[in-house]
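Examining the three-dimensional arrangement
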Amino acid sequence: MSRDVGKEATGRLGSLIVSAFFVIAGVVTLYDTLSYSDMDSKVFPRAAAIVLIVCAMLSIVGNLLRPVSEPGFGQGAWWRRILLVLSMLAACLAMPLVGFLPAGFIAFGGSLFASMHERWSARAAIVFLLSSLMIMVGFYALFRFVLHVPLP
């Protein structure tokens, strides 16, 4: 019984640390936007930082008020989690070099591959490829032409 309590506390502590990190990251982002001279460049980072802070604070409150149903990461394939994180990091590193859309393909492709639990078929691959293209081009158009966010 005492072993389960220790696992629960560890899972809760990890969640609280990650949530606190995101609150700090949001505050740092808000502080960084104070130096932006162009108002159009401030809108998206500030909105994202505010949403990040609010969601992280809700996570902290929720974690403190409700019991942990499953400590830590739970069950699942570690390679999927590692691939997801690595594809996002690769996209972040590639974005200044290759631009928004190719870096988006890296992140989207890695996360799509990591999240596919069924067998891949030719039809599924085509549907996922086309829908991924539409989503990424749509986000590119939204950020570039509607929100006027400067993209690499």
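Going by the structure above, here's the rest.
Residues numbered from 1 in each chain as written. Predicted model: local features only at pLDDT ≥ 70, side-chain atom pairs only at ≥ 80, totals over all residues. Heavy atoms only, no water.

**So, a nonpolar patch on the surface**
Rules: Note on patches: the residues involved have over 30% relative accessible area and no salt bridge, like charges join within 9 Å, and the nonpolar side chains Val, Leu, Ile, Met, Phe, Trp and Tyr join within 5 Å. Methods summary: accessible areas were calculated by the Shrake-Rupley approach with a probe of 1.4 Å, and residue burial reflects only the protein chains presented. Whenever Lys or Arg places a side-chain nitrogen within 4 Å of a carboxyl oxygen from Asp or Glu, that contact is recorded as a salt bridge. Each helix is a run of H or I in the DSSP string that is no shorter than four residues. Each strand is a run of E no shorter than two, and both are numbered from the N terminus.
Judged by side-chain polarity, Phe 44, Ile 135, Phe 139, Leu 142, Phe 145, Val 146 and Leu 147 come together as a nonpolar surface patch covering roughly 630 Å² of accessible area. Inspection of the secondary structure assignment puts Leu 142 in helix 5 (residues 122–146).

**Digging into helix 3 (residues 78–98)**
To be explicit about the condition: Here, expected helix span is obtained from the residue count minus one, scaled by 1.5 Å. What we call the bend at a residue is the angle made by axes fitted to the seven residues finishing there and the seven residues starting there. Per-residue accessibility, obtained with a 1.4 Å probe over protein chains only, is compared with the maximum for each type, and a residue is labelled buried under 20%, exposed over 50%, and partly exposed between these values. By definition in these notes, contact holds between two residues if any of their heavy atoms fall within 4.5 Å.
The first and last C-alpha atoms of helix 3 sit 29 Å apart over 21 residues, in line with the 30 Å expected at 1.5 Å per residue. Roughly 25° is the biggest bend found in helix 3, and it falls at Cys 92, with proline Pro 96 one to four residues downstream. For helix 3, the full list of buried residues reads Arg 80, Ser 87, Ala 91 and Ala 94. In this structure, the buried residues of helix 3 make contact with helix 4 (100–115). In the segment just after helix 3, Gly 99 is the residue with positive phi, at about 105°.

**Some thoughts on the packing of aromatic side chains**
Our working definition: Aromatic pairing here means that ring centres of Phe, Tyr or Trp (its six-membered ring) are within 6.5 Å. Orientation follows from the plane angle: under 30 degrees is stacked, over 60 is edge-to-face, and everything else is tilted.
Here the structure, examined in full by the defined rule, presents nine aromatic pairs. Relative to Trp 120, the ring of Phe 113 has its centre 6.3 Å away and its plane inclined at 20°; by these criteria the two rings are stacked. Taking the relative accessible area as the measure of exposure, Phe 113 reaches 44% and is therefore partly exposed. Residue Trp 120 is classed as partly exposed on the basis of its relative accessible area of 37%. On the basis of an interplanar angle of 80° and a centroid distance of 5.8 Å, the ring pair of Trp 120 and Phe 128 is categorised as edge-to-face.

Distances and angles like these do not, on their own, reveal function.
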